[in-house]
Amino acid sequence: MTVEMPFIDYPVTLISRGEVQREKSTVTVEFPLQIVVNGQLLVNLLCTPEHMEELVTGFLYSEGIITSLTDILHLKIESGKAEVQIKGEFRGGEGWIPTLTTGCGQNVSWQNKKTRDCIFETRISSQITVAAEDITGLIDELQRISVHYRKTHGTHGAALADKSGIIIFREDIGRHNAIDKVAGSVLYQGLTTDDKLLLTTGRISSEILTKAARLKVPFLVSRSVPTDYAIQLGELLGITIVGFVRGKSLKVYSHNWRVN
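We now turn to the structure provided with this report. It should be emphasised that the depicted structure is a prediction, and the values quoted were computed from it without experimental measurement.

1. Side note on the sheet that holds strand β9 (residues 156-162)
So, step 1. Pairing is mixed in the open sheet, where six strands are placed in the order β10-β9-β11-β12-β13-β14. Only two strands of the sheet have a single partner each, and these edge strands are β10 (165-172) and β14 (249-252). Strand-to-strand, the axes of this sheet are offset by a mean angle of 20 degrees, without reference to chain direction.
So, step 2. As paired elements, β9 and β10 share seven bridges and run antiparallel to each other. Looking at β10, one finds that D162 is bridged to G165.
So, step 3. Together, β9, β10, β11 (197-200), β12 (219-222), β13 (240-246) and β14 form the strand contacts of helix α3 (residues 132-144), whose direction differs from that of β10 by roughly 40 degrees.

See the structure below:
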């Protein structure tokens, strides 16, 4: 697989308080990646070019195209194309509904009626509770380790954590991609998630909530806020949504019994 840099320096003109000067500014690389499943083009993703195997695997899992790592027979990424062979037949045009998501860059989510309906049968029954101060501490940690964001201010971060700290951290130009990279890493490492928290720096919309449900995490936490539909899904599926985590304060939007 060709290795690409996730960020690059560009010459810019800085104008500050009437003074003009030339300097270099670090910007995020936007990389187009085709995902081809069983010979059929599924989607073109715009991503940050690192951890791309995790991104592809996590995307396929989040969309319900695979249910486990063993469904992938072959995965090769080269020259901006991810070629994936999965078990069984894949008919990308049949019954699959493209949905324009709320992410930047006009992300597309692909789900068929079967996988879409299955998510509504999900119920997260984990009895884990987490102290509010531990949640604010995890968001502080998320911000501290966001190396690419500090360099470019152009990425989102996502992480899998437990009460004691962050276990997996990934960054990407898109908040959806960052979470998919975390999901892929969870699959590759074979981690359990019933006692974990999924952290994100982005807004919690319904498709982000759906990704958390597929990962079966009981907590979805963000510095930003959820949409009304995400809250409704959180209530239905048993996921505690925590948003607007700022300093020592936070808001719990669903299943508040898990926060103490």
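Next, the rest of the story.
2. Structural notes on the environment of Q143
So, step 1. Assignment of secondary structure puts Q143 in helix α3.
So, step 2. Among the residues examined, Q143 registers a relative accessible area of 37% and is labelled partly exposed.
So, step 3. Sequence spacing of Q143 and R223 is 80 residues, and the spatial spacing of their C-alpha atoms is 9.8 Å.
So, step 4. Beyond its immediate sequence surroundings of up to four residues, Q143 is in contact with R150 and R223.

3. Some details on the pattern of salt bridges
So, step 1. Per the counting criterion, the structure on display carries six salt bridges.
So, step 2. Between K181 and D172 there is a salt bridge; the shortest N-O distance is 2.7 Å. Across the pair, exposure class does not vary: K181 and D172 are buried alike.
So, step 3. Close ionic contact of K211 with D180 constitutes a salt bridge, the shortest N to O distance being 2.9 Å. Taken together, the residues span a long stretch of sequence, with K211 in helix α6 (residues 206-215) and D180 in helix α5 (residues 175-189) at a distance of 31 residues. We note that K211, like D180, is buried.

4. Some words on the pairing of β14
So, step 1. Here β13 pairs with β14 via three bridges, running antiparallel. By the bridge assignment for β14, G243 is matched with K251.
So, step 2. A loop of two residues connects β13 with β14, the two strands running antiparallel in sequence, and G247 in this loop sits at a positive phi of about 60 degrees.

Cut-off values and rules
- Residues numbered from 1 in each chain as written.
- Predicted model: local features only at pLDDT ≥ 70, side-chain atom pairs only at ≥ 80, totals over all residues.
- Heavy atoms only, no water.
- Pairing = 2+ DSSP bridges.
- Helix = DSSP H or I, 4+ residues; strand = E, 2+ residues; numbered from the N terminus.
- Axes fitted to C-alpha atoms, helices over the stretch in contact; angles between N-to-C directions.
- Contact = heavy atoms within 4.5 Å.
- Buried < 20%, exposed > 50% of the residue type's maximum accessible area, 1.4 Å probe, protein only.
- Salt bridge = Lys/Arg side-chain N within 4 Å of Asp/Glu carboxyl O.

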